[in-house]
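Structural characterization, general
Read off the chains here:
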Amino acid sequence: MGVTAYILVKSNTSEADRVKDEIEALDGVTDANIVAGDVDFIAKVAVETPGAVKDIVASGIQTISGVETTQTYIAME
Amino acid sequence: MRFIIIGAGRVGLRTARVLRQEGHEVTLVERDAEKADRARGLTFEVVDGDGSRESVLQDAGVADADAVGALTGDLNANFAACLIAKHHGCRTVMRIDEDYREEIYQQYADEVDEIVYPERLGAIGAKNALLGGSIQAIADVAQSLQIVLITITDGSPMKGYTLSEVALPSDSRILAFGKANDPLGIPLPDDSLEAGDRVAVLAEFSELTEVRQLLVGDESAAAAVAGGE
């Protein structure tokens, strides 16, 4: 059984479309939305292992230009 | 008009004060008891509670309000309040906390009619004070477009010329002109520029330095371009 996680992303750029496209282009990301509030995007990932979640965040989302911080929440059910 | 202001902090309370001075009806919504009491002490009508909850906004009269200003420091609360207010047919104004979000909300948040970033307005005031005298920023109209009010001095290169002779850079326009002691009016080509006259100019940030050099001279050329960022 796989792992589902939600990643909250705060950026520091007004190029929301570009950041969203780059997040969505990452393998394992099934969905990403621009959201109102104190984070700017929420991405949903569906992968095989918790380690794969870490890879998407560390070597994927956090390397996108304009991404400032991320918070990861792993679904429990 | 009838307004609801959410957040009785620095921004909300001042906004409420200005609206009341101009004869409008204002109800504040504040969840912090101390701040609510302080606003009541200033004889404002205050509804205690969380402005991002519909029942609280209903108590504040959202059904009859013309516009709602969500001016707390909490972005989530502000956006939720705008959603509710828009649903009730109000014009909505939302305060944001970081400037990069201005464009994002303008583009995606249909429920928010207008965005306010108080630090930007504060910066315009501080900049005017620093620049002093002959050039004053009036408004940032867009990301790269600003209206400035320039006072002609004895050192202005264009002093003695008429408006039709002023060759502004291509992305700049003269919007209004006023003789030293008269109010601003529509600029006419034959208006002549004398010391003390004022010219309102709409210009791209990139051209402000050139506009300044043309109308003010080198007096303040060392100062940073007004509003450039």
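Residues numbered from 1 in each chain as written. Chains lettered and ligands numbered in written order. Predicted model: local features only at pLDDT ≥ 70, side-chain atom pairs only at ≥ 80, totals over all residues. Heavy atoms only, no water.

Details of the overall build of chain B
- Along chain B, the regular secondary structure elements total 7 helices and 10 strands.
- Counting only C-alpha atoms, chain B reaches 65 × 35 × 30 Å along its principal axes.
- Looking at the 229 residues of chain B, the share that counts as buried comes to 46%.
- Taking all contacts inside chain B whose residues are at least 6 apart in sequence as the whole, residues at least 24 apart take part in 51%.
- Here chain B displays about 11400 Å² of accessible surface, and carbon together with sulfur accounts for 50% of that area.
- Measuring between centres, the 21 positive side-chain charges of chain B sit 5 Å from its 39 negative side-chain charges. (Helix = DSSP H or I, 4+ residues; strand = E, 2+ residues; numbered from the N terminus. Buried < 20%, exposed > 50% of the residue type's maximum accessible area, 1.4 Å probe, protein only. Contact = heavy atoms within 4.5 Å. Areas by Shrake-Rupley, 256 points an atom, 1.4 Å probe, with all protein chains shown as cover. Lys, Arg positive; Asp, Glu negative; His and termini not counted. Charge placed at Lys NZ, Arg CZ, Asp CG, Glu CD.)

Re the confidence of the model for chain B
- Across chain B, the average pLDDT comes to 88, with 94% of residues at 70 or higher.
- Predicted confidence is poor over residues 220–229 of chain B, with pLDDT under 50, and the contacts of this stretch with residues over four places away or in other chains come to 22 contacts. (pLDDT = per-residue confidence, 0-100.)

Focus on the pairing of strand S3 (residues 45–48) of chain B
Residues and elements named next belong to chain B.
- Note that strand S2 (residues 25–30) and S3 share 4 bridges and pair parallel. Across the sheet, the residue bridging to Val29 is Val47, located in S3.
- Following the backbone out of S2, through helix H2 (residues 33–41) and into the adjacent parallel S3, one traces a crossover that is right-handed. (Pairing = 2+ DSSP bridges. Right-handed = clockwise from strand over helix to strand, strands pointing away.)

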